[in-house]
Amino acid sequence: KCFVTDVGSNTPRADVPGVLTIPQSGVSSFIGPRDVMDGTGAMSGRKLLAFLTATAIAVPRSSCGVCLVDITGPWR
């Protein structure tokens, strides 16, 4: 799950299950937005949808991290 806050604050806004982050830059060179991949390890049997953590307008795409969302369900 992913912990979400407001910009400039540590006040919790959401705790999102099924969201994984890959904060390293350069990952977006290998995993593109809307790529769907099979999970491994603890996520085996799950389908994961990728999206970038920033827009290419804000930073170069090669500097973006990637988030993966478990799209298998069930959702709560």
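Our subject is the structure listed above.
Residues numbered from 1 in each chain as written. Predicted model: local features only at pLDDT ≥ 70, side-chain atom pairs only at ≥ 80, totals over all residues. Heavy atoms only, no water.

A few points about the overall build of the protein
Within the protein, the secondary structure is distributed over zero helices and six strands. By the burial criterion, 22% of the 76 residues in the protein qualify as buried. Intrachain contacts of the protein at a sequence separation of at least 6 include 38% that bridge at least 24 residues. Per element, the accessible surface of the protein, about 5400 Å² overall, is 58% carbon and sulfur. (Helix = DSSP H or I, 4+ residues; strand = E, 2+ residues; numbered from the N terminus. Buried < 20%, exposed > 50% of the residue type's maximum accessible area, 1.4 Å probe, protein only. Contact = heavy atoms within 4.5 Å. Areas by Shrake-Rupley, 256 points an atom, 1.4 Å probe, with all protein chains shown as cover.)

Looking at the pattern of salt bridges
The full count for this structure, using the stated rule, is two salt bridges. Here Asp38 and Lys47 are joined by a salt bridge, their closest N and O atoms 2.5 Å apart. Overall, the relative accessible area of 52% leaves Asp38 in the exposed class. Under the relative-accessibility criterion, Lys47 is labelled partly exposed at 39%. We note a salt bridge from Asp70 to Arg46, for which the minimum N-O separation is 2.8 Å. Separated by 24 residues along the polypeptide, Asp70 in strand β6 (residues 66-70) and Arg46 in the loop between β4 (36-38) and β5 (47-52) bring together distant segments of the chain. The buried category is assigned to Asp70, whose relative accessible area is 10%. (Salt bridge = Lys/Arg side-chain N within 4 Å of Asp/Glu carboxyl O.)

Considering the pairing of β6
A large share of β6 lies buried, amounting to four of its five residues. Note that strand β3 (residues 19-22) and β6 share four bridges and pair antiparallel. For Ile22, the partnering residue across the bridge sits in β6 and is Val66. As paired elements, β5 and β6 share five bridges and run antiparallel to each other. Looking at the pairing, Ala50 lines up with Leu68 of β6. (Pairing = 2+ DSSP bridges.)

Brief notes about the sheet that holds β4
Overall, antiparallel pairing links the four strands, which are arranged β3-β6-β5-β4 in an open sheet. A single partner strand is all that each edge strand has here, and the edge strands are β3 and β4. Looking at each pair of strands side by side, their axes are set apart by 30° on average, direction ignored. (Axes fitted to C-alpha atoms, helices over the stretch in contact; angles between N-to-C directions.)

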